[in-house]
Amino acid sequence: MKEFLLFGKGFKKVDQWQDGCWVNICSPTQDDINYMEGLGVPDSFISDIRDPNERPRVERDDDWMLTIMRIPRETGDADIPFSTVPLGVITNGNLVIVLCYFKNIVIHDFVQYNTTKGNAIYNKFALILRLIMSSAVWFLKFLKQINISINNTEDGLERRLRNDDLLKLRNLQKSLVYFNTGIRGNEALVTRIKAIYTNSELLDPEMVEDVHIELQQAQNMVSIYSNILTGTMETFGSIISNNLNLIMKRMTSITIILQVPTLIASLYGMNVWLPIGDKPWAFVAILLLSVSLSCAAFIVFKKIKWF
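What you see is a predicted model; the values in this text were computed from it and never measured. Numbering of residues starts from 1 in every chain and runs along the sequence as written. Only residues with pLDDT of at least 70 are given local features in this predicted model, and only at 80 or more are side-chain atom pairs given and counted; all residues enter the totals for whole chains, interfaces and linings. Note that water and hydrogens are dropped before the side-chain values are worked out from all heavy atoms of the structure.

Quick notes on the nonpolar core
The cut-off we apply is this: Here, the term nonpolar core denotes a set of buried Ala, Val, Leu, Ile, Met, Phe, Trp, Tyr and Cys residues that are joined through side-chain atoms within 4.5 Å. Type-normalised accessible area, obtained with a 1.4 Å probe on protein chains alone, sets the label of each residue: buried when under 20%, exposed when over 50%, and partly exposed for intermediate values. Counting from the N terminus, the helices are the DSSP runs of H or I reaching at least four residues and the strands are the DSSP runs of E reaching at least two. Any two residues whose heavy atoms approach within 4.5 Å at even a single point are treated as in contact.
Core analysis: the biggest nonpolar cluster contains 77 residues, and Trp22, Met69, Ile90, Leu127, Leu131 and Ile132 have the highest contact counts within it. Here this core gets 17 residues from one element, more than from any other, and that element is helix 4 (residues 124-159). In this view, leucine 131 contacts Met69, Leu87, Val89, Val98, Ile107 and Phe110; residues no more than four positions away in its chain are not counted.

Focus: the pairing of strand 8 (residues 95-100)
Cut-off, in case you're wondering: For two strands to count as paired, DSSP must find a minimum of two bridges between them.
Extensive coverage of strand 8 is indicated by the burial of six of its six residues. Residues Leu95, Ile97 and Leu99 line one face of strand 8 and the alternating positions Val96, Val98 and Cys100 line the opposite face, and both faces are buried. Of the pairings in the sheet, the one linking strand 4 (residues 21-26) to strand 8 comprises four bridges and is parallel in character. Looking at the pairing, cysteine 26 lines up with cysteine 100 of strand 8. The pairing of strand 7 (residues 82-92) with strand 8 spans five bridges and is classified as antiparallel. Bridge pairing in strand 8 places asparagine 92 opposite leucine 95. Linking two consecutive strands that pair antiparallel, namely strand 7 and strand 8, is a turn of two residues; a positive phi of about 65° is found at glycine 93 within it.

Points about the side chain of glutamate 187
Defined as follows: We treat Lys and Arg as the positive residues and Asp and Glu as the negative residues; His and chain ends play no part in the count. Each reported salt bridge corresponds to a side-chain nitrogen of Lys or Arg within 4 Å of a carboxyl oxygen of Asp or Glu.
Along the chain, the position of glutamate 187 falls in helix 5 (residues 163-196). This buried residue, glutamate 187, is left without a salt bridge; arginine 184 holds the nearest opposite charge, at 5.5 Å. Filtering out sequence-adjacent residues up to four positions away, glutamate 187 remains in contact with His212, Leu215, Gln216 and Gln219.

Brief notes about the packing of helix 4 against helix 5
Basically, it comes down to this: Structural elements are reduced to axes, namely lines fitted to C-alpha atoms, with helices fitted over the stretch in contact, and the angle between N-to-C directions of any two is expressed from 0 to 180 degrees. Roughly parallel here means an angle under 35 degrees, roughly antiparallel means over 145, roughly perpendicular means 65 to 115, and every remaining angle is called oblique. If you view the pair so one helix is near and one far, a crossing is left-handed when the near helix is turned anticlockwise from the far one by less than a right angle, and right-handed when it is turned clockwise. For this classification, the nonpolar set comprises Ala, Val, Leu, Ile, Met, Phe, Trp, Tyr, Cys and Pro, the charged set comprises Asp, Glu, Lys and Arg, and every other residue, Gly included, is treated as polar.
Interhelical geometry of helix 4 versus helix 5 gives an angle of 160° and a closest axis separation of 10 Å. Looking at the two axes, helix 4 sits roughly antiparallel to helix 5. The crossing of helix 4 and helix 5 is left-handed. Tallied by class, the residues present in the contact of helix 4 with helix 5 amount to 18 nonpolar, seven polar and two charged.

Scope: geometric values only; no functional claims are made or implied.
So this is what it looks like as structure tokens:
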């Protein structure tokens, strides 16, 4: 799917490419790929953006320049609920193509927000920086969702320790690792872009600083939530280990208490002469002795807090 949007205040849609517009292509079809190839876009650029593990960077090929950033997305997969995917901006003079192979909310929100607010974006440099800033904003939004999920899972674990909840925390931790890597890559990308456009009239130092601030805030939030999650998992790991120790203590105590009457019964069950074995009250005496010793063992274990 592709759409043609004019630079300026807000993004006005047009039917076909014209000077002063950029092309937004998301989840491209074969027709969209053929369209880009017809414009002369290098095949290596198209294939690089298709790679879900592509790192943020800037690459040149003659007059073409490719800028790849990482944007967050909600995967809908329980194993990794949130991840990052590459977004490419391909430029050649006045031709600007924004390409992403993966469905995401970042681009749609970017277009809708700037159209509604009437933000002024007049060139490719401002477009790239605004896209990076939009990705940072969505990193923060998804981080809030992750924090809510962490709190809800913690509440469930406090009521009952379940493997599913622990696995959910582990999966959220995976998402934080992807976010951390993506944000760091975007920070390095902004520095690289700033160096490329240093002597260009397109450079807007204030916008660059704003992007750095947003990315730094997202990085700090990732670090905070990651530390909280790590501490939470360590705490519940210690709780599980402690509960296991308590169970083992109780099982050992019960085994010892039951072993006392078993031992006495075994001795008096042998086919040999034993003290008071010929007395009519022997059974009652042995029973009372077994119960007394078991009660004594229980009291001892109670005092040392094995029960």
